[in-house]
Amino acid sequence: MCTLSDSGASSRWSNFSHLYIERGAKEYPLTRRIRERFAKARVVEIDDYKAVFARPRQRFQAQKESMKLILAVKKDRFLYDGSGNSQNFSFKDFHYNTLMFNCVYNCDYCYLQGMYPSANIVVFVNLEDYFTATREGIRDKSNPAQPFYLCISYDTDLLAFESVVPYCRAWIEFTREEPDLLVEIRTKSAAYHAIRDLPPTDRVILAWTLSPEPVAARYEHGTAPLHRRLEAVRSAIDDGWPVRLCFDPVLAVPSWASLYGDLVEEVVRRIDPATVRDVTVGTFRLSKHHFQRMKRQRQDTPLLYGDFAQEDATVTYPTERREEMTAYMRKRLGDHFGEERIFAWT
């Protein structure tokens with residue numbers, strides 16, 4: 001049985017009742033590992049994961065209460081160009097991949113509920129194909145002076161799921177073989193202990209998303225509380241890992257300035273700013289398509305019913321509000337981290 005007591009996730013996913021397994025995925029080592037882990041789960045063989053994951057008229061939030069695990073073989077698109085809604089940190093070769101669909105957490109503002117028809121979790125078990133595609137991407141990168149920058153935990157939280165699928169560990173080891181690769185692993189978990197036995201490498205950035213405790217408690221369901229995330233951050237820094245702190249998204253909740261100002265002070269009280277690699281800041285933003293789908297499903301959260309503006313295909317706060325929030329965070333963070341280490345989405 002898998003538990004996640006260190007990150008606050010509930011038993012909704014700790015003992016999957018069903019494993020849907022593509023016939024083509026049956027003999028992969030990761031599939032065998034997961035079947036052994038969830039030996040009591042009902043196994044259903046399928047031809048294609050989309051038959052379960054992409055069927056119409058599913059209820060995302062209802063499925064969150066009892067998520068099922070789908071094991072599949074990804075057949076194409078092992079790399080994607082970085083999104084304009086994400087910071088590229090001035091890297092010309094900026095990419096991400098999707099090792100999993102969906103996340104064990106359930107944040108009210110998460111774009112996944114507007115992207116996917118199902119809340120069930122898909123794990124792609126053919127890891128070597130991802131490595132092959134990444135090697136090809138490194139070989140063909142456009143800027144030889146910069147590393148190939150790859151985010152592997154944007155459409156999920158890999159570290160939170162590491163005790164089930166040890167993908168963080170696998171990618172950390174892979175980066176040791178590829179001197180031109182720089183990987184970011186982003187998380188809201190406190191599960192650093194799952195990889196703590198590994199020697200640190202400067203080719204992997206461990207990035208923690210941080211929110212004020214009242215915001216995390218109300219809107220980031222199942223995630224680790226702030227103090228547990230900061231404990232994990234401090235442990236990772238002490239062990240020698242490059243660490244990124246992500247104040248993203250900053251949400252226009254009541255008393256947002258006070259809440260996020262207190263957050264900054266709490267962070268620098270617990271973490272020496274000089275030991276942090278860099279810091280990101282960004283306000284709430286979603287693609288128009290995802291935002292519209294989310295609003296139809298999520299009438300239970302105020303986050304999607306405030307004052308928004310559409311800029312091209314992105315829904316975000318109106319310019320004046322967004323600039324006010326970004327400037328406030330840059331000032332509060334700049335006092336401790338210095339402007340040169342702050343990257344802001346504008």
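The structure this text deals with has already been given above.
Below or above, wherever it landed, is the structure these notes cover.

Conventions we followed
All residue numbers refer to positions counted from 1 along the written sequence of the respective chain. Only residues with pLDDT of 70 or above have their local features reported here, since the model is predicted, and side-chain atom pairs are shown and tallied only from 80 upward, although totals for entire chains, interfaces and linings are computed over all residues. Just so you know, side-chain values use all the structure's heavy atoms and leave hydrogens and water out. Strands here mean DSSP runs of E at least two residues long; helices mean DSSP runs of H or I at least four residues long; both are numbered from the N terminus. Within these notes, the globule rule equals 2.2 Å times the number of residues to the 0.38 power, and the radius of gyration is based on C-alpha atoms. Classification of residues uses two cut-offs on accessible area relative to the type maximum, computed with a 1.4 Å probe and protein chains only: under 20% is buried, over 50% is exposed, and between them is partly exposed. It only takes one pair of heavy atoms within 4.5 Å for two residues to be counted as in contact. Using a 1.4 Å probe, the Shrake-Rupley method yields the accessible areas, and only the shown protein chains count as cover for residues. His is not counted here, nor are the chain ends, while Lys and Arg score as positive and Asp and Glu score as negative. Charge coordinates come from a single atom per side chain, which is NZ of Lys, CZ of Arg, CG of Asp or CD of Glu. A fitted line through C-alpha atoms represents every axis, and for helices the fit uses only the stretch in contact; the resulting angles, taken between N-to-C directions, go from 0 to 180 degrees. The labels follow the angle: roughly parallel below 35 degrees, roughly antiparallel above 145, roughly perpendicular from 65 to 115, and oblique for the rest. Should the near helix be turned counterclockwise from the far one by less than a right angle, the crossing is left-handed, whereas a clockwise turn marks it as right-handed. By nonpolar core is meant a set of buried Ala, Val, Leu, Ile, Met, Phe, Trp, Tyr and Cys residues that side-chain atoms within 4.5 Å join together. In this description, strands pair whenever DSSP reports at least two bridges between them. Orienting the strands away from the viewer, one traces the path from the first strand over the helix to the second; a clockwise path indicates a right-handed crossover. It is the directions from the helix axis to the C-beta atoms that the arc portrays. Just to be clear on terms, a salt bridge is a Lys or Arg side-chain nitrogen sitting within 4 Å of an Asp or Glu carboxyl oxygen. A helix is expected to reach a length of 1.5 Å times the quantity of its residues less one.

Here we look at the overall build of the protein chain
Inference 1: Counting secondary structure elements, the protein chain contains eleven helices and 18 strands.
Inference 2: Against the 2.2 N^0.38 benchmark of 20 Å for 346 residues, the protein chain shows a C-alpha radius of gyration of 20 Å, consistent with a compact globule.
Inference 3: For the C-alpha atoms alone, the extent of the protein chain along its principal axes is close to 55 × 45 × 40 Å.
Inference 4: Counting across all 346 residues of the protein chain, residues that qualify as buried make up 56%.
Inference 5: Long-range pairs, those at least 24 residues apart, make up 76% of the contacts in the protein chain between residues at least 6 apart in sequence.
Inference 6: As presented, the protein chain carries roughly 14600 Å² of accessible surface, and 47% of it is formed by carbon and sulfur atoms.
Inference 7: Separation of charge centres in the protein chain, based on 48 positive and 47 negative side chains, amounts to 6 Å.

Let's talk about the packing of helix 9 (residues 256–270) against helix 11 (residues 319–337)
Inference 1: At their nearest, the axes of helix 9 and helix 11 sit 10 Å apart, and the two run at 20° to each other. If you check the angle between helix 9 and helix 11, you find them roughly parallel. Considering the relative orientation of helix 9 and helix 11, their crossing is right-handed. Two secondary-structure elements touch here, helix 9 through Trp-256, Ala-257, Tyr-260, Gly-261, Val-264, Glu-265 and Val-268 and helix 11 through Arg-321, Glu-324, Met-325, Tyr-328, Met-329, Arg-332, Leu-333, His-336 and Phe-337.

Thoughts on the nonpolar core
Inference 1: Counting residues in hydrophobic clusters, the biggest one holds 104 residues, and the most contacted among them are Leu-69, Val-123, Phe-161, Trp-171, Trp-208, Leu-245 and Phe-247.
Inference 2: If we ignore the near neighbours within four places in the chain, the residues touching Phe-247 are Leu-210, Leu-263, Val-264, Val-267, Val-279, Thr-280, Val-281, Gly-282, Met-329 and Leu-333.
Inference 3: Membership of the second largest hydrophobic core comes to ten residues, among which are Phe-89, Phe-94, Tyr-149 and Ile-205.

Details of the sheet that holds strand 4 (residues 80–81)
Inference 1: Taking strand neighbours across the sheet as the criterion, the eight strands line up as 4-5-9-10-11-13-14-18 in an open arrangement whose pairing is mixed. Edge positions in the sheet fall to strand 4 and strand 18 (342–344), since each of these pairs with one other strand and no more.
Inference 2: Taken together, the two bridges between strand 4 and strand 5 (residues 94–96) define a ladder with antiparallel strand orientation. Residue pairing across strands places Tyr-80 opposite Tyr-96, the latter belonging to strand 5.

Regarding the pairing of strand 2 (residues 42–46)
Inference 1: As paired elements, strand 1 (residues 18–22) and strand 2 share five bridges and run parallel to each other. Looking at the pairing, Ile-21 lines up with Glu-45 of strand 2.
Inference 2: Crossover strand 1 to strand 2 through helix 1 (residues 29–37) is right-handed.

Considering helix 10 (residues 288–297)
Inference 1: Of all the positions in helix 10, only His-290, Phe-291 and Met-294 are classed as buried. What you see down the axis of helix 10 is that its buried residues fit within an arc of 100°, all on one side.
Inference 2: Turning to helix 10, the residues buried within the fold contact helix 4 (112–115), strand 15 (285–287) and strand 17 (314–316).

A few points about the pattern of salt bridges
Inference 1: Enumeration over the complete set of coordinates arrives at 27 salt bridges.
Inference 2: We note a salt bridge from Asp-140 to Arg-139, for which the minimum N-O separation is 3.1 Å.
Inference 3: The class for Asp-140 is exposed, based on a relative accessible area of 54%.
Inference 4: Arg-139 gets classed as exposed once you look at its relative accessible area, which sits at 62%.
Inference 5: For Lys-331, the salt bridge goes to Asp-335, with nearest N and O atoms at 3.0 Å. Placement of both Lys-331 and Asp-335 in helix 11 is noted, with a separation of four residues, approximately one turn of the helix.

Some words on unusual backbone geometry
When glycine is set aside, most residues are seen to have a negative phi, and most peptide bonds are trans.
Inference 1: A cis amide bond links Asp-248 to the next residue, Pro-249, at an omega of 5°.
Inference 2: By secondary structure assignment, the location of Pro-249 is in strand 13 (residues 243–250).
Inference 3: Despite not being glycine, Phe-89 has its phi angle at roughly 55°, a positive value.
Inference 4: Inspection of the secondary structure assignment puts Phe-89 in the loop between strand 4 and strand 5.

Side note on the sheet that holds strand 16 (residues 309–311)
Each strand in a sheet pairs with another by means of backbone hydrogen bonds, the pair being arranged parallel or else antiparallel.
Inference 1: Overall, antiparallel pairing links the three strands, which are arranged 15-17-16 in an open sheet. Since the sheet does not close on itself, it has two edges, and those belong to strand 15 and strand 16, each with one partner. Pairs of neighbouring strands in the sheet enclose a mean axial angle of 30°, with direction left out of account.
Inference 2: Along the sheet, helix 10 makes contact with strand 15, strand 16 and strand 17, crossing strand 15 at roughly 95°.

Describing the environment of Lys-40
Inference 1: Within the element layout of this structure, Lys-40 appears in the loop between helix 1 and strand 2.
Inference 2: Here the alpha-carbon distance between Lys-40 and Asp-312, two residues 272 residues apart in the chain, equals 49 Å.

Structural notes on helix 8 (residues 226–238)
Inference 1: Taking 1.5 Å per residue as the helical rise, helix 8 with its 13 residues ought to reach 18 Å, and the 18 Å between its terminal C-alpha atoms agrees with that figure.
Inference 2: Listed in full, the buried residues belonging to helix 8 are Leu-226, Arg-229, Leu-230, Ala-232, Val-233, Ser-235, Ala-236 and Ile-237.
Inference 3: In this fold, the buried residues of helix 8 make contact with strand 11 (204–209), helix 7 (213–219), strand 12 (220–221), strand 13 and helix 9.
Inference 4: Phi turns positive one or two residues past the end of helix 8, at Gly-240, with a value near 105°.

The values are spatial; any link to function lies outside them.
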